[in-house]
Amino acid sequence: MAENLANKEWEPKFVAIVCNWCTYAGADLAGISRIQYPTNVRIIRVPCTGRINPFYIVKALQSGADGVLVSG
Amino acid sequence: MVARRKFATLKSFLNYIGVEGDRTIFTWVSASEGDRWAQVIKGATEKIKALGPASKMVKTVA
Amino acid sequence: MENIETKLREEAQRLLLEKKADVIIGYEKGTLPLTATPCFITRPEEAEKLIWNNLCTQNLAKFVHDLITAHKNSQKRVKPEDRKKKVIGVVARGCTTRSIIIHLQERQYDRGEVYIIGVPCDGYVESKKLRTAAGGADIIEGDMEGGQIKVKTAEGEKTVALKEVLSDSCRTCRYNNPIISDVMVGSPAPAMNPEAEYDQVKEFEAKSIEERWAYFTKEMAKCIRCNACRQACPSCYCPTCFAEQSMPQWVGIGEDATDTQVFQFMRLYHMVGRCVDCGSCVAVCPMGVDLRNFLKKIDKDCWEMFGNRAGSSMEDMPPLGKFSENDKEDFIYNP
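Note that residues are indexed from 1 along each chain, following the sequence as it is written. All chains are assigned letters beginning at A, and all ligands numbers beginning at 1, according to the order in which they are written. pLDDT decides what is reported in this predicted model: residues at 70 or higher carry local features, side-chain atom pairs at 80 or more are listed and counted, and totals for whole chains, interfaces and linings draw on all residues regardless.

Counting from the N terminus, the helices are DSSP H or I runs at least four residues long and the strands are E runs at least two residues long. Looking only at helices and strands, chain C features 11 helices and eight strands. For the radius of gyration, the atom set is restricted to C-alpha positions; the globular benchmark scales as 2.2 Å times the number of residues to the power 0.38. For 335 residues, the compact-globule estimate of 2.2 N^0.38 gives 20 Å, and the C-alpha radius of gyration of chain C, at 21 Å, lies within 12% of that figure. Residues with at least 20 neighbouring C-beta atoms inside 10 Å of their own are called buried, those with 12 or fewer are called exposed, and the rest are partly exposed, where every C-beta is derived from the backbone. The 335 residues of chain C split such that 38% are buried. Note on contacts: residues are paired as contacts if their backbone-placed C-beta atoms lie within 7 Å. Look at the contacts in chain C between residues 6 or more apart in sequence, and 69% of them connect residues 24 or more apart.

Before going further, it helps to spend a moment on the overall build of chain B. On a plain count of helices and strands, chain B comes out with two helices and one strand. For chain B, the succession of helices and strands along the chain, N to C, is α-β-α. Compactness check: chain B gives a C-alpha radius of gyration of 14 Å against a globular reference of 11 Å for 62 residues, more than 25% above the reference. Viewed in the frame of its principal axes, chain B has a C-alpha envelope of about 45 × 25 × 20 Å.

Attention now goes to the interface of chain A and chain B. Accessible area lost upon the coming together of the parts serves often as the stated size of an interface. Tallying the contact residues gives 35 residues for chain A and 34 residues for chain B. Secondary structure elements with two or more residues in the side of chain A that touches chain B: helix H2 (23-32), helix H3 (54-62) and strand E3 (67-71) of chain A. Top contributing element to the side of chain A that touches chain B by residue count: H2 of chain A, with six residues.

Okay, the packing of H3 of chain A against helix H9 (residues 257-269) of chain C next. The axes used here are C-alpha line fits, helices contributing only the stretch in contact, and every angle between their N-to-C directions lies in the interval 0 to 180 degrees. One way to put it is that H3 of chain A packs onto H9 of chain C with a least axis distance of 11 Å and a crossing angle of 160 degrees. Here H3 of chain A lies roughly antiparallel to H9 of chain C, going by the angle between them. Crossing handedness for the pair H3 of chain A and H9 of chain C: right-handed. Contact residues: Pro54, Phe55, Val58 and Gln62 of chain A in H3 of chain A; Thr258, Val262, Phe265, Met266 and Tyr269 of chain C in H9 of chain C. When an angle is under 35 degrees it counts as roughly parallel; over 145 it counts as roughly antiparallel; between 65 and 115 it counts as roughly perpendicular; any other value is oblique. Should the near helix be turned counterclockwise from the far one by less than a right angle, the crossing is left-handed, whereas a clockwise turn marks it as right-handed.

Read across the open sheet, the four strands follow the order E2(A)-E1(A)-E3(A)-E1(B); overall the sheet is parallel. In the strand order of this sheet, the two ends are held by strand E2 (41-46) of chain A together with strand E1 (24-27) of chain B, each with one partner. Between one strand axis and the next, the sheet turns by 20 degrees as a mean value, whatever way the strands run. Strands pair, by our definition, only if DSSP identifies at least two bridges between them. With six bridges joining them, strand E1 (residues 14-19) of chain A and E2 of chain A adopt parallel strand pairing. Within the sheet, the bridge partner assigned to valine 15 of chain A lies in E2 of chain A and is arginine 42 of chain A. On top of the sheet, H2 of chain A reaches E1, E2 and E3 of chain A; it is set at about 110 degrees to E1 of chain A, its chief contact. Packing against the sheet, helix H2 (residues 34-51) of chain B makes contact with E1, E2 and E3 of chain A together with E1 of chain B, and its axis sits at approximately 155 degrees to E3 of chain A.

Let's shift gears to helix H11 (residues 292-306) of chain C. The span you would expect from a helix comes to 1.5 Å times its residue count less one. In this model H11 of chain C runs 20 Å from its N-terminal to its C-terminal C-alpha over 15 residues, within 8% of the 21 Å that 1.5 Å per residue would give. Here H11 of chain C has its buried residues at Phe294, Leu295, Lys296, Lys297, Ile298, Asp299, Asp301, Cys302 and Phe306 of chain C. Each element contacted by the buried residues of H11 of chain C is listed here: helix H1 (2-17) of chain B together with helix H6 (199-205) and H9 of chain C. One or two residues past the end of H11 of chain C sits glycine 307 of chain C, with phi positive at roughly 60 degrees.

Before going further, it helps to spend a moment on the packing of H2 of chain A against H2 of chain B. A pair of packed helices can be characterised by two numbers: the angle between their axes and the separation between those axes. Two numbers describe how H2 of chain A lies on H2 of chain B: the axes approach to 7 Å, and their chain directions differ by 95 degrees. Relative to H2 of chain B, H2 of chain A is oriented roughly perpendicular. Contact with H2 of chain A, carried on its side by Thr23, Gly26, Ala27, Leu29 and Ala30 of chain A, involves Gly34, Arg36, Trp37 and Ala38 of chain B of H2 of chain B and no other residues of that element.

So, about the interface of chain C and chain B. At the junction of the two partners, chain C supplies 28 residues and chain B supplies 26 residues. Tallying contributions element by element places H11 of chain C first for the side of chain C that touches chain B, with six residues. Grouping the constituent residues of the side of chain C that touches chain B by class yields 18 nonpolar, three polar and seven charged. Polar here means any residue outside two lists: the nonpolar Ala, Val, Leu, Ile, Met, Phe, Trp, Tyr, Cys and Pro, and the charged Asp, Glu, Lys and Arg; Gly therefore counts as polar.

With that settled, consider the sheet that holds strand E2 (residues 36-41) of chain C. All names here are of chain C. The mixed open sheet is built from five strands, whose spatial order is E2-E1-E3-E4-E8. Of all strands in the sheet, those bounded by a partner on one side alone are E2 and strand E8 (183-184). With five bridges joining them, strand E3 (residues 88-92) and strand E4 (residues 114-118) adopt parallel strand pairing. Considered in E4, the bridge of valine 90 is made with isoleucine 116.

With that out of the way, let us pick up the pairing of E1 of chain A. Residue and element names in this part refer to chain A. Most of E1 is tucked away: six of the six residues are buried. What you see with E1 is no split at all: Phe14, Ala16 and Val18 on one side and Val15, Ile17 and Cys19 on the other are buried throughout. Read from E1 through H2 to E2, the crossover connection turns out right-handed. Sheet analysis places E1 next to E3, joined by five bridges and oriented parallel. Opposite valine 15, over in E3, you have valine 68 as the bridge partner. The path from the first strand over the helix to the second decides the hand: if it runs clockwise while the strands point away from the viewer, the crossover is right-handed.

What follows is the structure in structure tokens.
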């Protein structure tokens, strides 16, 4: 976060926990199609949204993520 | 589908204890929706930016 | 009450004599005045120890699960044909039967492995409340009669109304009579006040987010991570709790405030559709953390979103184990 604060404007960092078969492929498609989107996201791929333990979300928040996005 | 119930209660409970509900975002993006993914990330970034840096429940390493 | 007690003893004696149950879990008089403690009875002549009154606090379903699991583990090394079946008898009020229903729904044991002696319940005394009402000093002697409790402390004698020291959970209890039972002792108890069930939650929800967070952190700062709430909770039966797992380590074991918050948050969250509001966790908490406020919210969510009340019927599935097409989707983000 220190490097963020040093900048003029603060940029959030958030975790996206995404399903391998839907959103991960969707994000991949966004990359292939060269669609521009913000770089504030860090992606974690899981086999299925059902795989996500609510603890992942709480743990991400505890570890300092500014937000958590879950997408199936 | 079962996960949906899990996240609905999680979000509601996080909001109840005082962690802003907007910090946890749930959505659907299919494999053919690259554009929607970009939209979701844009929207999510704006939402979280509006909330400011997270301070609740964040562990600071000494 | 006396009447129920004698009937209960007769019933327990009969069960043990007829070998319908191998052990009976009930309450006996505690070593301190005005307390009752869980006891395990295996011989018919011990049945005289059993009591049933407003001092019986703990949810005994916890011990049912413990005993059955221990017995099953002990039978693992025995040849299948030599394995013995054990039946656990339990003195159960409304919340205890609800916990047993949850265990049955979660396939922890068979219905045949537990023999439920149902008893009507009109609430139990919260020991912390009683102590406060008596002036905060140690109770030396006590006597309970007709809705009044006579307490003697070092500072003098006092009479407290039973109604005033009942646990919060009992005041708004919806199921104070057993839901399932093999035999029922005594006649059903009068209803409590379930309409006021969510009053505290509604009040808390109306507060601002910063106030809610301040309250949560204040309450969690009291927690000393003794795990008494987990040990007392009938729904907390995992062989290895997430708090003790080291691969991966879910939650730190130090005294970091956020670790405590995360531990409590997750323990509370694990109660979605499983908390029966028996108040055991609150009763055993040595620091007086207000857990009920948060548990009730989970219960309320579960009722409002999925129309499920934990352990209220044998036919139900656990709410997080199924879904419905009509589930709300308003929390899902649409850009």
